Amino acid sequence: MAVKVIIPTPLRRYTANQESLELEGATIGEILAQLTHQYADLKKHLYTEEGTLRNFVNVYLNDEDIRHLQKSQTPVQSSDIVSIVPSIAGGSLEA
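Residues numbered from 1 in each chain as written. Predicted model: local features only at pLDDT ≥ 70, side-chain atom pairs only at ≥ 80, totals over all residues. Heavy atoms only, no water.

**Here's the deal with unusual backbone geometry**
Generally, phi is negative for residues other than glycine and the peptide bonds are trans, each holding for most cases.
Phase 1 of the analysis: Its identity as a non-glycine residue notwithstanding, Ala16 has a phi of 55°, on the positive side.
Phase 2 of the analysis: With respect to the secondary-structure elements, Ala16 resides in the loop between β1 (2-6) and β2 (20-24).
Phase 3 of the analysis: You can call Ala16 exposed: its relative accessible area is 56%.
Phase 4 of the analysis: The phi angle at Asn62 is positive, at roughly 60°, despite the residue not being glycine.
Phase 5 of the analysis: As for its position among the elements, Asn62 is in the loop between β3 (57-61) and β4 (64-65). (Helix = DSSP H or I, 4+ residues; strand = E, 2+ residues; numbered from the N terminus. Buried < 20%, exposed > 50% of the residue type's maximum accessible area, 1.4 Å probe, protein only.)

**Quick look at the sheet that holds strand β5 (residues 81-86)**
Remark on secondary structure: sheet strands pair via backbone hydrogen bonds, oriented parallel or antiparallel.
Phase 1 of the analysis: Overall, mixed pairing links the five strands, which are arranged β2-β1-β5-β3-β4 in an open sheet. At either margin of the open sheet sits one strand with a lone partner, and together these are β2 and β4.
Phase 2 of the analysis: Both β3 and β4 contribute to a ladder of two bridges, which runs antiparallel. Bridging from a neighbouring strand, Leu61 pairs with Glu64 of β4.
Phase 3 of the analysis: Each of β1, β2, β3 and β5 is contacted by helix α1 (residues 28-38), which is oriented at about 115° to β2, the strand it contacts most. (Pairing = 2+ DSSP bridges. Contact = heavy atoms within 4.5 Å. Axes fitted to C-alpha atoms, helices over the stretch in contact; angles between N-to-C directions.)

**What about the pairing of β5?**
Phase 1 of the analysis: Relative to β5, β1 runs parallel, the two being bridged by three bridges. In the strand pairing of β5, Ile6 is matched with Ser83.
Phase 2 of the analysis: Pairing of β3 with β5 involves five bridges; the strand directions are antiparallel. What sits directly across from Val59, in β5, is Ile84.

**Here we look at α1**
Phase 1 of the analysis: The set of residues buried in α1 consists of Ile28, Ile31, Leu32, Leu35 and Thr36. Looking down the long axis of α1, one finds its buried residues gathered within 125° of arc, a one-sided arrangement.
Phase 2 of the analysis: Taken together, the buried residues of α1 touch β1, β2, α2 (40-46), β3 and β5. (Arc of directions from axis to C-beta.)

Structure below.
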């Protein structure tokens, strides 16, 4: 089943400037494996050398963070949208 994956602007240079992709898989882990197989340069930006998702990379299934679901084992359906959202570090809000 194909799932729509939204690629954030900072990572599009690693996916031939694709804004979104339709990828096959039954779980988030399978979808991300397919993504990094198709676009190998993207893997180091999403995963650590140990193969775990980087702390600053958030993955959402529809509008829900997969960390609050079943993480990479979260099942997906053809109507789902997976969004990859790198965290953005900010500074102080002091005026």
